[in-house]
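Below are the chains, spelled out letter by letter.
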Amino acid sequence: MPRPTVAQFAYGTCAVILSTFALLLLSGTSSAAAVAVIAVAALALGLVVATRVPVPASRRPVAAVPPATPAPVRATVPSPAREQVREPVHERAAS
């Protein structure tokens, strides 16, 4: 998993802070439960904003290229040299 960029941190942080203040001011709540719900919603919004920031082209993952199929290799066996004289096989008699 790639590491987040500085821009992703910045946009995510700004989204969390600004959305928390805006939701607290607009809702006018003072209960702890409502403030907790607003904080969780702001964190979720910040996460969405941070993940939607475009990644620079140099950090984008490269699509996997399938390896090229290798050409078949022909195995050649050297033929015996014509000058080479074969020795006769001597068999031993069982005694």
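Shown above is the structure to which this text applies.
Predicted model only: the values in this text are computed from it and were never measured.

Peer 1: Help me out: how do you make sense of a nonpolar patch on the surface in this one?
Peer 2: There is a patch of nonpolar side chains on the surface, built from Ile-17, Leu-18 and Phe-21 and spanning about 330 Å² of accessible area. Within the secondary structure layout, Ile-17 lies in helix H1 (residues 6–27).

Peer 1: Help me out: how do you make sense of the packing of H1 against helix H2 (residues 32–52) in this one?
Peer 2: Geometrically, a packed helix pair is captured by the angle between its two axes and the distance between the axes. Packing of H1 against H2 brings their axes to within 8 Å, and their N-to-C directions diverge by 150 degrees. Looking at the two axes, H1 sits roughly antiparallel to H2. Classified by chirality, the crossing of H2 by H1 is right-handed. Along its contact with H1, which presents Gln-8, Tyr-11, Gly-12, Ala-15, Val-16, Ser-19, Thr-20, Leu-23, Leu-24 and Ser-27, the element H2 presents Val-35, Ile-38, Ala-42, Leu-43, Leu-45, Gly-46, Val-49 and Ala-50. Split into classes, the residues belonging to the contact of H1 with H2 amount to twelve nonpolar, six polar and no charged.

Conventions used here
- Residues numbered from 1 in each chain as written.
- Predicted model: local features only at pLDDT ≥ 70, side-chain atom pairs only at ≥ 80, totals over all residues.
- Heavy atoms only, no water.
- Patch = residues over 30% accessible without salt bridge, like charges linked within 9 Å, V, L, I, M, F, W, Y side chains within 5 Å.
- Areas by Shrake-Rupley, 256 points an atom, 1.4 Å probe, with all protein chains shown as cover.
- Salt bridge = Lys/Arg side-chain N within 4 Å of Asp/Glu carboxyl O.
- Helix = DSSP H or I, 4+ residues; strand = E, 2+ residues; numbered from the N terminus.
- Axes fitted to C-alpha atoms, helices over the stretch in contact; angles between N-to-C directions.
- Parallel < 35°, antiparallel > 145°, perpendicular 65-115°, else oblique.
- Left-handed = near helix turned anticlockwise from the far one by under 90°.
- Contact = heavy atoms within 4.5 Å.
- Nonpolar A, V, L, I, M, F, W, Y, C, P; charged D, E, K, R; others polar.

Shape descriptors only; they carry no functional weight alone.
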